[in-house]
Amino acid sequence: MKKYIIFDFDGTVINTNDVVIASWQEAFRTYLGHEIPESEIVKTFGETLWTTLDRVMPGCDQDAVVKCYRDYQSAHADELVKECEGVKELLKELVKRGYKLAIATSRAKATYQEYADRFDLNPYFDVVVAMEDVTHHKPHPETVTTALERLGAKPEEALMLGDTRFDIICSSNAGVESVFVGWSMTRIEDVEAAGCKPTYFIDKPMDLLNIITEK
């Protein structure tokens, strides 16, 4: 029986897609002199900032780029960041049913906490594993295995919800069944084309209840 539900954060719990894309484009305009196709940014969803920077802006002043990115994101969060529709209702129902919940994210802890405070998410999550809590980031399993350890859970007792291939591979590497969510910008076809096969797929948050009820 599944007793623990682990959530990715960006694009799964909170819709940060628009502000992440806009923040990257601001960094690219500032330090490269041009924007890049939006589809290329979407492919980076799930990575840490530093991982993406190593690949797309090698040799740059990473601290300066990250400051540019985060300053822009902070300045535009109020207009661009929203709750993922239906997720809060799912969280409430899961807690009501006695499930223990965790966040497993590649986002920095401070910026995660800003959004958690803003959207009143703190009451729902028993454990938060952020970028600084692990040495190896998604798709390495450490983010999920750390969440399991803090929850006191076995892999077979948990499910992991995510919206990128990094989430699905991380979950699989940790021995945890995965649920790909259909309300973000990443398409299931792109995830499967990258060699990732989630255990389940759901279109809407409350659809998760059908899976865990069957379990």
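Residues numbered from 1 in each chain as written. Predicted model: local features only at pLDDT ≥ 70, side-chain atom pairs only at ≥ 80, totals over all residues. Heavy atoms only, no water.

Re unusual backbone geometry
1) Next: Cis geometry is found at the peptide bond from K138 to P139, where omega equals 15 degrees.
2) Next: Tracing the backbone shows P139 in the loop between β5 (127–129) and α7 (142–151).
3) Next: The phi angle at D120 is positive, at roughly 55 degrees, despite the residue not being glycine.
4) Next: Of note, D120 is situated in the loop between α6 (109–118) and β5.
5) Next: A residue is classified by how much of its surface remains accessible, and D120, at 46% relative accessible area, is partly exposed. (Helix = DSSP H or I, 4+ residues; strand = E, 2+ residues; numbered from the N terminus. Buried < 20%, exposed > 50% of the residue type's maximum accessible area, 1.4 Å probe, protein only.)

Some thoughts on the pattern of salt bridges
1) Next: In total, this model carries 15 salt bridges according to the counting rule given.
2) Next: In this structure, the salt-bridge partner of E157 is K3, at a minimum N-O distance of 3.7 Å. Pair noted here: E157 is in the loop between α7 and β6 (158–162) and K3 is in the segment before β1 (4–7), with a separation of 154 residues, a long-range link.
3) Next: The partner of K88 in a salt bridge is E83, and the shortest N-O contact between them spans 3.7 Å.
4) Next: What emerges from the salt-bridge pattern is a single network uniting D8, K138 and D167. (Salt bridge = Lys/Arg side-chain N within 4 Å of Asp/Glu carboxyl O.)

Quick notes on the packing of helix α3 (residues 49–56) against helix α4 (residues 62–80)
When two helices pack together, you describe them by how their axes are tilted relative to each other and by the distance separating the axes.
1) Next: Taken N-terminus to C-terminus, the directions of α3 and α4 make an angle of 120 degrees; their axes are 11 Å apart at the nearest point. The orientation of α3 relative to α4 falls into the category oblique. Read as a crossing pair, α3 and α4 show a hand that is right-handed. Contacts between α3 and α4 involve L49, W50, L53 and D54 from the former and Q62, D63, V65, V66, Y69 and R70 from the latter.
2) Next: Here the residues of the contact of α3 with α4 are counted per class, giving 6 nonpolar, 1 polar and 3 charged. (Axes fitted to C-alpha atoms, helices over the stretch in contact; angles between N-to-C directions. Parallel < 35°, antiparallel > 145°, perpendicular 65-115°, else oblique. Left-handed = near helix turned anticlockwise from the far one by under 90°. Contact = heavy atoms within 4.5 Å. Nonpolar A, V, L, I, M, F, W, Y, C, P; charged D, E, K, R; others polar.)

Function cannot be read off these values alone, since they describe shape.
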